[in-house]
Amino acid sequence: MNPYLLLVSAIIAEVIGTTALRLSEGFSKPLPSLGVLLGYGIAFYLVSLTMEELPIGVVYGTWAALGIVGIAGIGIVFFDESIDLAGVLGILFIVVGVYCINVVSDVSVH
């Protein structure tokens, strides 16, 4: 399977797990708590498969960075969290960094 498809799936699973973590209210709600375990479990499994084909730095860096971007977006859209100009610029820098590592750099597999 395409390692980048696995990586995108891992990122989605992590964002779902983190969103469920917010909804679990300290693991006091069973269904969101189960979502945390499933989301993170699937994410780690898919990341481990991705690391079989791509360098660890590229995989972990991309997974962590795009997870941050995704969960920040979820927080803004669904949890009414605010963002200022510095936050927007920071997220933009993260996205540019992921692009550079995965597309421009020779570190990644093209």
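Residues numbered from 1 in each chain as written. Predicted model: local features only at pLDDT ≥ 70, side-chain atom pairs only at ≥ 80, totals over all residues. Heavy atoms only, no water.

Enquirer: Would you explain the overall build of the protein in this entry?
Expert: The secondary structure content of the protein amounts to 4 helices and 0 strands. In sequence order, the secondary structure elements of the protein are arranged as α-α-α-α. Along the first, second and third principal axes, the C-alpha atoms of the protein reach 45 × 35 × 15 Å. Residue burial in the protein is summarised as follows: out of 110 residues, 30% are buried. Intrachain contacts of the protein at a sequence separation of at least 6 include 64% that bridge at least 24 residues. Surface summary for the protein: the accessible area is close to 6800 Å², and the carbon and sulfur share equals 74%. (Helix = DSSP H or I, 4+ residues; strand = E, 2+ residues; numbered from the N terminus. Buried < 20%, exposed > 50% of the residue type's maximum accessible area, 1.4 Å probe, protein only. Contact = heavy atoms within 4.5 Å. Areas by Shrake-Rupley, 256 points an atom, 1.4 Å probe, with all protein chains shown as cover.)

Enquirer: Sorry if this is basic, but what is going on with the side chain of T62 here?
Expert: One can find T62 in helix α3 (residues 56-78). Leaving out residues up to four positions away in the same chain, T62 has contacts with L7, I11, G57, G67, V98 and N102.

Enquirer: Can you help me understand α3 in this one?
Expert: Each full turn of the α-helix corresponds to 3.6 residues, which orients residues three or four apart in the same direction. Over its 23 residues, α3 runs 32 Å from end to end, which matches the ideal 33 Å to within 8%, given 1.5 Å per residue. All buried positions along α3 are accounted for by V58, V59, T62, W63, A65, G67 and G75. For α3, the elements touching its buried residues are α1 (3-23), α2 (30-50) and α4 (85-104). Phi turns positive, to about 55 degrees, at D80, one or two residues after α3. (Expected span 1.5 Å × (residues − 1).)

Purely geometric stuff here, so don't read any function into it on its own.
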